[in-house]
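# Per-entry structural report
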Amino acid sequence: MTSQPTPTKAADGPGGTGEPGSGLQAGLKNRHLTMIAIGGVIGAGLFVGSSSGIATAGPGILLSYALVGTLVVLVMRMLGEMSAANPTSGSFSAHADRALGRWAGFSIGWLYWFFWVVVLAVEATAGATILEGWIPAVPQWGWALIVMIVLTATNLVSVGSYGEFEFWFAGIKVVAIGAFIIVGGLAIFGVLPGVDAPKAGLGNLSDHGGFLPHGPGAILTGVLLVVFSFMGSEIATLAAGESENPQRAVTKSTNSIIWRIGVFYLGSILVVVALLPWNDPSIKEKGSYVAALDSLGIAHAGQIMNFIVLTSVLSCLNSGLYTASRMAFSLGQRGDAPKAFARTTSRGVPLAAIVVSVVFGFVAVFFNYKFPDSVFLFLVNSSGAVALFVWLVICFSQLRMRKIIERESPEKLVVKMWLYPYLTWATAALIVFVLGYMLTDTEHDGRETVLLSLLVAAVVVAIAVVRQWLRRGGPAVESADTPVPVEVSSEAR
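Calculation criteria
- Residues numbered from 1 in each chain as written.
- Predicted model: local features only at pLDDT ≥ 70, side-chain atom pairs only at ≥ 80, totals over all residues.
- Heavy atoms only, no water.
- Helix = DSSP H or I, 4+ residues; strand = E, 2+ residues; numbered from the N terminus.
- Rg over C-alpha atoms; globule rule 2.2 N^0.38 Å.
- Buried < 20%, exposed > 50% of the residue type's maximum accessible area, 1.4 Å probe, protein only.
- Contact = heavy atoms within 4.5 Å.
- Areas by Shrake-Rupley, 256 points an atom, 1.4 Å probe, with all protein chains shown as cover.
- Patch = residues over 30% accessible without salt bridge, like charges linked within 9 Å, V, L, I, M, F, W, Y side chains within 5 Å.
- Salt bridge = Lys/Arg side-chain N within 4 Å of Asp/Glu carboxyl O.
- Expected span 1.5 Å × (residues − 1).
- Phe/Tyr/Trp six-rings, centres within 6.5 Å; stacked < 30°, edge-to-face > 60°.
- Lys NZ or Arg CZ within 6 Å of the ring centre and 35° of its normal.
- Axes fitted to C-alpha atoms, helices over the stretch in contact; angles between N-to-C directions.
- Parallel < 35°, antiparallel > 145°, perpendicular 65-115°, else oblique.
- Left-handed = near helix turned anticlockwise from the far one by under 90°.
- Nonpolar A, V, L, I, M, F, W, Y, C, P; charged D, E, K, R; others polar.
- Bend = angle between axes of the 7 residues up to and from the residue.
- pLDDT = per-residue confidence, 0-100.
- Core = buried A, V, L, I, M, F, W, Y, C linked by side-chain atoms within 4.5 Å.

The next subject is the overall build of the protein. Along the protein, the regular secondary structure elements total 18 helices and 0 strands. The globule rule puts the C-alpha radius of gyration for 493 residues at 23 Å, and the 22 Å found for the protein is close to it. Taken over the C-alpha atoms alone, the protein extends approximately 70 × 50 × 45 Å along its principal axes. The burial tally for the protein puts 59% of its 493 residues in the buried class. Nonlocal contacts in the protein, meaning residues at least 24 apart in sequence, comprise 79% of its contacts between residues at least 6 apart. Of the roughly 19300 Å² of accessible surface on the protein, 67% is carried by carbon and sulfur atoms.

On the surface, a nonpolar cluster with roughly 350 Å² of combined accessible area is contributed by Leu156, Leu351, Val355, Val359 and Val363. For the nonpolar patch, the element with the most residues is helix H14 (residues 351-370), which contributes 4 residues. Its place among the elements puts Val355 in helix H14.

Below, the discussion takes up helix H13 (residues 301-333). A rise of 1.5 Å per residue sets the reference length of H13, with its 33 residues, at 48 Å; its end C-alpha atoms lie 48 Å apart and thus fit the reference within 8%. Counting buried residues along H13, 28 of its 33 residues qualify, which places the element largely inside the surrounding structure. Of the residues one or two after H13, Gly335 is the one with positive phi, at around 80°.

Attention shifts here to the pattern of salt bridges. Counted under the stated rule, the structure contains 11 salt bridges. A salt bridge links Glu164 to Arg31, with the shortest nitrogen-to-oxygen separation between them at 2.8 Å. You can see Glu164 sitting in helix H7 (residues 159-188) and its partner Arg31 sitting in helix H1 (residues 30-39), a full 133 residues away along the chain. Judged by relative accessible area, which is 25%, Glu164 ranks as partly exposed. Between Asp294 and Lys286 there is a salt bridge whose closest N-O contact spans 3.0 Å. Note on Asp294: relative accessible area 29%, which makes it partly exposed.

On to the packing of aromatic side chains. Tallying each qualifying case throughout the model produces 20 aromatic pairs. Summarising the aromatic geometry, the rings of Tyr162 and Tyr322 are spaced 4.2 Å apart at their centres and angled 0° between planes, so their arrangement reads as stacked. Note that Tyr162 is positioned in helix H7 and Tyr322 in helix H13, a separation of 160 residues in sequence. You'll find Tyr162 and Tyr322 in the same group, each marked buried. When the ring of Phe396 is compared with that of Trp425, the centres are 6.0 Å apart and the planes differ by 70°; the resulting orientation is edge-to-face. One end of the pair, Phe396, is in helix H16 (residues 386-408); the other, Trp425, is in helix H17 (residues 422-438), and 29 residues separate them in sequence. Looking at Trp425, the relative accessible area reads 49%, which means it is partly exposed. The ring of Phe167 carries the charged tip of Arg31 above its face, separated from the ring centre by 4.7 Å.

This next bit is on the packing of helix H5 (residues 102-134) against H16. Axes are the key here: two packed helices are described by the angle between their axes and the distance separating the axes. As a packed pair, H5 and H16 sit with axes 10 Å apart at the nearest point and diverge in direction by 150°. As the angle between them shows, H5 and H16 are arranged roughly antiparallel. For the pair H5 and H16, the crossing hand works out as left-handed. Here H5 contributes Ile108, Leu111, Tyr112 and Phe115 to the contact with H16, which in turn contributes Val386, Phe389, Val390 and Val393. In terms of residue class, the contact of H5 with H16 is built from 8 nonpolar, no polar and no charged.

A separate point is helix H10 (residues 246-275). Along its 30 residues, H10 runs 41 Å from first to last C-alpha, staying within 8% of the 44 Å computed at 1.5 Å per residue. For H10, the principal kink sits at Ile257 and spans about 45°.

A residue-level look at the protein finds 90% of positions with pLDDT of 70 or above and a mean pLDDT of 85. Counting contacts from residues 476-493, a segment whose pLDDT is below 50, to residues more than four positions away or on other chains yields 46 contacts.

As a further point, take the nonpolar core. Of all hydrophobic cores here, the largest spans 151 residues; its most connected members are Phe92, Tyr112, Trp116, Val390, Trp391 and Ile431. Counting residues per element, this core draws most heavily on H5, which supplies 19 residues. With sequence-adjacent residues up to four places away left out, Val390 is seen in contact with Phe92, Ile108, Tyr112 and Met231.

This part is about the environment of Leu470. As for its position among the elements, Leu470 is in helix H18 (residues 446-472). Leu470 sits in the exposed class, given a relative accessible area of 68%. Once the C-alpha coordinates of Leu470 and Met305 are considered, the two residues, 165 residues apart in sequence, prove to be 53 Å apart.

See below:
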């Protein structure tokens, strides 16, 4: 029998009273955190979005995934350094709050919340499409409603119920990709019993126009197509604040991200492009993973992959609602959102933060059905580059937070960014380069996505600056040494 969950340090942060029901609770077990960390890097975008990347870059898409994967590993290392020293429900938003100023924490926190509530609508619609295909008696909007209600209910019960659902969702994804890599690998080398795969072979990596059939520039175009499928890697650092040992959870998830990206992304994509020629029409028609399974003659490959995609969609919905609500909770604690967002039930659930997040998600779903080519398209494009904005803020926060930690509590630097500060600056420069390259992309809506996202970001930053000016009656931007209310560890208190 497990002990009753106890309030975490979030309870005593700004806006919290430390009384029962005023803070989050340590309801996530180690196995939950492990699977959240593993599943966080496996989004539905890997299954449904990789086909366009393969068609654009050919086998060279492996370099695109490797480049973005390296970027994510470096960013997560920076975030791990800050979060291991100060685990908090606001993660990078709370770190930016202290390192760069209140305006930065406010801005990136709300932009991140906006990103995930839009994702709720996208994933709910994707899941509803699959379910309607199985049971057409229920309309698509009905399935979207059912899915949203069920996962909202699990998040409202307790953080443990969220963790349990995510444990099984992530487990199914991990087992599915693992099985795909093993079966596909055996077929590539011609040792899979009872299967004849005449198109399979490592020759597919260099035949059919070469490894880079569209030239080296296609690698960067591929980066634009795959970069957003990596969003979610940072969820483990937010969830760590509700675990029994936050520092250990953050350290473990940070150290394991290299093999997770290497196996699940590079490994599975390598199998796809080795099983089939990159220009095989079935990759675009059926999707890369379904086409790969079909090439092996596996019965009902399409339905098998639909089930896996549905699991990924439900996992993304589950985590999206959790992540949005915890960011709203943290913003409420720091006085950057209504105080009601920082209040929790007796089970440690931020009720108002969850309800507001899911209501916005429902509104976005409505726009998707009524105005898909106008309002909803604006929502999707205007939140599309938020992932890159978050990573960039993490870079700049780490540059300043390292000095603060070294000055105040150097013993908490249990995770350190490699080659600081040079590799941090190089990572920031690469992110800026990707954003700049997106401005040249008109074929895949890269320019529109960046411009609309910058517009929304500019509005949010302006609100933050004006808000601080009105509150303080002076300049809104603070230095890294200006005391701001942030969550601190029990040792620091």
